[in-house]
Amino acid sequence: MTYLSAHRFQQGIYLFIFLFFAVPPVIYPQTSSNLLNLAKNYEEDGLFEKAVPIYEELFKKDPANIVVLDRLKNAYRVLSKHDALMQVIANQLRADSANIALLCELADVLYKSKNITAAQNTLQKVVALDPGSEGTYRLIITVLMGNRRFDEVEQTYRAARKNLANDKLFILEMAGLLAYKNDYYLSAKEFLRYYNLNPGSLDYVKTQILQFPNNSNDNQLVIKAIRENLESNKADYALNKFLIDVLIKNQNYESAFEQSKLLDSKRGKNGAEILSFANMMFDNRQFAVSLEAFVYFLTLYPNAPQAEMGMAKCFEGMGADDIVIGTRSDTASFKQKIKENISTDRAIQAYQSVIARYPNSEWSAEAYFHIGEIKLRKFFDVQEAFIYFSKAVDSKNPFRIESMFRLAECYLIEGRLDKSLTQYAMINAETRDAAIHDRALFHEAEIYFFMEKFDSCLSRMMSLSGNRNGLYVNDALSYMLLIQENQKENNVLTMYARADLYFVQNKYSEALALLSEIIRVSPNSAIVDDALLKTAAIYSKSASFAEAIAVYRNIVDNLENSTWGDLALKKIGEIFEEKLQAPSEAIKAYRELLSRYPKSIYGNQVRKRMRELEQTTKKSS
């Protein structure tokens, strides 16, 4: 093997460098394939201006290359080079003047270049070339839709039906177009025609029509369309039911009720449709309408416990607006007679009638439970409530367990905490339902908190917090945090526990005094924001809404380290929304929550409420 000397190797390197830089490389022409790939790469990068000259060069060399032609035309479209595109299409048409697809392309670019008359003439030529093909009209409609020529789309649908002698063509397309054009009467007519031809499509048709704007004028037009359709389909029970739904949507409850009577008569269902309407109205909290339906049902079928119970529940619902107490009433003044309770009295009388007519039945047990609820919630008569809940517990019925929970609550309000604990133990012994067990365990833990046995409360709350899918996880974690943060200030935690007990017992004056004392003696304590939250809740329950809002606002604006700022804003929004009927102020509070606390656990709930309020406000304006 021969080795180069170091000197000769170095000379060789210099020679290579000289030749590399001094002698120019051979330039090979790029192939059409390379150019096409380069243009495609420009397209993918959005650089259409650079792609166009390459495509134009390739097209000149090979006008028959379909791939190049399509890409060139597409680039012209993207860059809105209308004249150039028209020229290419015109050249194609010289060779194939009856090509419908090319004529539609030409019409499209004419529309885009604002040459409307020429575009319309071109499409008329397309129709003349092949008036008997559904595909022809679909091509034309694609062009028109792409250029938002909606009136012409509607005309084309109608022309296609006429020329093809087929009135069933494009029904759903026409219905959707008319809805887009806000012609809800004709749109509903088209959707209903589609249903007539496809009886299994009612759910789809209902969904589409019920998405129309919910205002009285549009609803009336839909109602008119349904009634007209029913003229030729009187025995269509499903369509009758749909009419009832739309009448209810339009809050035309009287007509909806009359339609329910008519439907029940047609079907011979012995009042089932009337009862269904009554229950639907009750679920929608239209208690007066529901009551009318239940009373009418009872005129037809006097011995109907479900209707009698429904009537009593309506009175109870209507009694929700009865005046119960004065502002800031507490336990000491709570037993005053309400000033006006006509509906509530009627509810009690109706429930007592059910008890008398159907003794020892599930109906009577439910009636006992409801009277107990009225006595406890409306009158705060714990002893009377206890009597009725005890009677509901006496027999096996669906209200037994719930009545046992109420008895435990009555013991708690009376201050008999040991008896309340015993009641929860009885509940746990009687059922294997995991959700009921968790509920009882949570209330047990709360009672230990009220009894100032914080370790016992904490152990139970920790058990509940371990069930990640449980209903009481967040509440349990809140108690755990409260106890753990304030265990070193046991006297303050004890005061808060007593105030909390006074709160659930409706002893608001005593609770407010203790909460104020906590804030005074320990203004820098972690428990202060909890004390403020409880104070605001008391004001809210006492109908002192301005004071409640002021306290919640104090938490948001002045307690920088508070973990309850988002909850306080949520509560402010709810007061404005539900108590003061001020939706615009509620929306402001909800917006502030989302802005200040974008990761709040209440975010999704608040967004939903905002959307609903904004829609309601828009409709009423």
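Here is what the cut-offs are and how they apply
- Residues numbered from 1 in each chain as written.
- Predicted model: local features only at pLDDT ≥ 70, side-chain atom pairs only at ≥ 80, totals over all residues.
- Heavy atoms only, no water.
- Helix = DSSP H or I, 4+ residues; strand = E, 2+ residues; numbered from the N terminus.
- Rg over C-alpha atoms; globule rule 2.2 N^0.38 Å.
- Areas by Shrake-Rupley, 256 points an atom, 1.4 Å probe, with all protein chains shown as cover.
- Lys, Arg positive; Asp, Glu negative; His and termini not counted.
- Charge placed at Lys NZ, Arg CZ, Asp CG, Glu CD.
- Phe/Tyr/Trp six-rings, centres within 6.5 Å; stacked < 30°, edge-to-face > 60°.
- Buried < 20%, exposed > 50% of the residue type's maximum accessible area, 1.4 Å probe, protein only.
- Lys NZ or Arg CZ within 6 Å of the ring centre and 35° of its normal.
- pLDDT = per-residue confidence, 0-100.
- Contact = heavy atoms within 4.5 Å.
- Expected span 1.5 Å × (residues − 1).
- Arc of directions from axis to C-beta.
- Salt bridge = Lys/Arg side-chain N within 4 Å of Asp/Glu carboxyl O.
- Core = buried A, V, L, I, M, F, W, Y, C linked by side-chain atoms within 4.5 Å.
- Axes fitted to C-alpha atoms, helices over the stretch in contact; angles between N-to-C directions.
- Parallel < 35°, antiparallel > 145°, perpendicular 65-115°, else oblique.
- Left-handed = near helix turned anticlockwise from the far one by under 90°.
- Nonpolar A, V, L, I, M, F, W, Y, C, P; charged D, E, K, R; others polar.

This part takes up the overall build of the protein. Check the secondary structure of the protein and you find 33 helices and zero strands. Computed over C-alpha atoms, the radius of gyration of the protein comes to 38 Å, more than 25% over the 25 Å expected from 2.2 N^0.38 for 621 residues, which places it beyond the range of a compact globule. Judged by the C-alpha coordinates and their principal axes, the protein covers about 105 × 95 × 50 Å. Here the protein has roughly 33400 Å² of accessible surface; of this, 52% comes from carbon and sulfur atoms. Considering the protein, the positive charge centre built from 75 side chains and the negative charge centre built from 76 side chains are found 3 Å apart.

A complete count under the given rule lists 19 aromatic pairs for this structure. Ring centres of Y157 and F170 lie 5.1 Å apart, and the angle between their planes is 40°; on these two criteria the pair is classed as tilted. You can see Y157 sitting in helix 9 (residues 150–163) and its partner F170 sitting in the loop between helix 9 and helix 10 (171–180), a full 13 residues away along the chain. Residue class for Y157 comes out buried when judged on its relative accessible area of 5%. Exposure remark for F170: the relative accessible area of 3% places this residue in the buried category. Among the aromatic side chains, those forming a connected cluster through ring pairs are F442, F449, F450, F454, Y472, Y479 and Y496. The lysine or arginine in question, K224, covers the ring of Y185, its NZ or CZ lying 4.8 Å from the ring centre.

The next subject is the confidence of the model for the protein. In the predicted model, the protein carries a mean pLDDT of 88, and the fraction of residues at 70 or more is 91%. Within the protein, no element has a lower average pLDDT than helix 1 (residues 6–22), which sits at 40, and none a higher one than helix 22 (residues 400–414), at 97. In the predicted structure, residues 1–29 sits below a pLDDT of 50 and forms two contacts with residues beyond four places in sequence or in another chain. Low pLDDT (under 50) marks residues 323–340, which in the prediction has 34 contacts with non-local residues, meaning those over four places away or in another chain.

Our focus in this paragraph is helix 32 (residues 583–596). With 14 residues, helix 32 should cover 20 Å at 1.5 Å per step; its first-to-last C-alpha distance of 20 Å lies within 8% of that length. All buried positions along helix 32 are accounted for by A586, I587, A589, Y590, L593 and L594. All buried residues of helix 32 lie within an arc of 160° about the axis, which places them on one face of the element. Projecting away from the buried face of helix 32 at angles above 90 degrees are the exposed residues K588 and S595.

What follows concerns the pattern of salt bridges. In a structure, side chains of opposite charge can pair up when their charged atoms sit close to one another. For the structure shown, the criterion picks out 42 salt bridges. Note that D557 and R596 form a salt bridge whose closest N and O atoms lie 3.4 Å from each other. On the criterion of sequence distance, the pair formed by D557 in helix 30 (residues 545–558) and R596 in helix 32 is long-range, its members being 39 residues apart. The exposure class of D557 is partly exposed, given its relative accessible area of 38%. The salt bridge involving K588 is made with E585; its shortest N-O contact spans 3.4 Å. Pair noted here: K588 and E585 are both in helix 32, with a separation of three residues, about one helical turn. The partly exposed category is assigned to E585, whose relative accessible area is 30%. Taken together, the salt bridges that share partners define one network made up of E373, R377, E402, R406, E409 and R439.

Counting 145 residues, the largest nonpolar core has I209, I226, F277, F449, M461 and Y552 as its most contacted members. Among the nonpolar cores identified, the runner-up in size contains 46 residues, and L93, C104, V109 and M174 belong to it.

Moving on: the environment of K40. Inspection of the secondary structure assignment puts K40 in helix 2 (residues 32–44). C-alpha of K40 to C-alpha of Y194: the two residues are 154 residues apart in sequence and 45 Å apart in space. Discounting chain neighbours no more than four positions away, the residues touching K40 are Y55 and R71.

Our focus in this paragraph is the packing of helix 28 (residues 508–521) against helix 29 (residues 528–541). Think of two packed helices as two axes; the pair is described by the angle between the axes and how far apart they sit. Contact geometry for helix 28 and helix 29: axes closest at 10 Å, N-to-C directions at 155°. Between helix 28 and helix 29, the crossing angle belongs to the class labelled roughly antiparallel. The way helix 28 lies across helix 29 gives a crossing that is left-handed. Between helix 28, through Y508, A511, L512, L515, I518 and I519, and helix 29, the contact on the second element is made entirely by V528, A531, L532, K534, T535, I538, Y539 and K541. Looking at side-chain class alone, the contact of helix 28 with helix 29 contains eleven nonpolar, one polar and two charged residues.

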